[in-house]
Amino acid sequence: MQKLLQGNIWKYTLLLIANKRIFVAILGAYYLTIPDVNAVGIGIILLAGSLAGFVFEIPSGYVSDKIGHK
């Protein structure tokens, strides 16, 4: 049990880094280096990502509950 827990520490660290707002700022700065991309385009990309995360959150939770409770 202890080894399984220790194996998940690096995954939790990546989750904490990805959930910070600074990640979006770095991603936005990267998108600005691409030719023909402006602030509106970046906003649309981030909006699509947020909407996709919202839409797929419920089905993924349902599937994980079904798999985890077997």
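Residues numbered from 1 in each chain as written. Predicted model: local features only at pLDDT ≥ 70, side-chain atom pairs only at ≥ 80, totals over all residues. Heavy atoms only, no water.

Chemist: Let's hear about unusual backbone geometry: which residues, and what values?
Modeler: We note that D36 has phi near 65 degrees; this positive angle belongs to a residue other than glycine. With respect to the secondary-structure elements, D36 resides in the loop between α3 (21-32) and α4 (39-68). Among the residues examined, D36 registers a relative accessible area of 83% and is labelled exposed. (Helix = DSSP H or I, 4+ residues; strand = E, 2+ residues; numbered from the N terminus. Buried < 20%, exposed > 50% of the residue type's maximum accessible area, 1.4 Å probe, protein only.)

Chemist: Let's hear about a nonpolar patch on the surface: which residues, and what values?
Modeler: Where nonpolar side chains cluster on the molecular surface, the patch consists of I22, F23, V24 and I26 and spans about 370 Å² of accessible area. Relative to the elements of secondary structure, F23 occurs in helix α3. (Patch = residues over 30% accessible without salt bridge, like charges linked within 9 Å, V, L, I, M, F, W, Y side chains within 5 Å. Areas by Shrake-Rupley, 256 points an atom, 1.4 Å probe, with all protein chains shown as cover. Salt bridge = Lys/Arg side-chain N within 4 Å of Asp/Glu carboxyl O.)

Chemist: Give me the lowdown on the confidence of the model for the protein chain, citing residues and values where you can.
Modeler: Scored by pLDDT, the protein chain has a mean of 78; 91% of the residues are at 70 or more. At the level of individual helices and strands, the protein chain shows its lowest average pLDDT in helix α1 (residues 2-7), which scores 73, and its highest in α4, which scores 80. (pLDDT = per-residue confidence, 0-100.)

Chemist: Can you lay out the packing of aromatic side chains for me, pointing to particular residues and giving the numbers?
Modeler: This structure, assessed with the given rule, holds 1 aromatic pair. With centroids separated by 6.0 Å and ring planes inclined at 45 degrees, the aromatic side chains of Y30 and Y31 adopt a geometry described as tilted. (Phe/Tyr/Trp six-rings, centres within 6.5 Å; stacked < 30°, edge-to-face > 60°.)

Chemist: Mind laying out the UniProt feature "transmembrane region" (unreviewed entry) in the protein chain, listing which residues take part and the relevant values?
Modeler: Mapped onto the present numbering, the UniProt feature "transmembrane region" (unreviewed entry) falls on residues 12-31 and 37-56. Helix and strand shares over residues 37-56 are 90% and 0% respectively, and the end C-alpha atoms of the span are 27 Å apart. (UniProt positions renumbered as here; feature names shortened; annotations may be inferred.)

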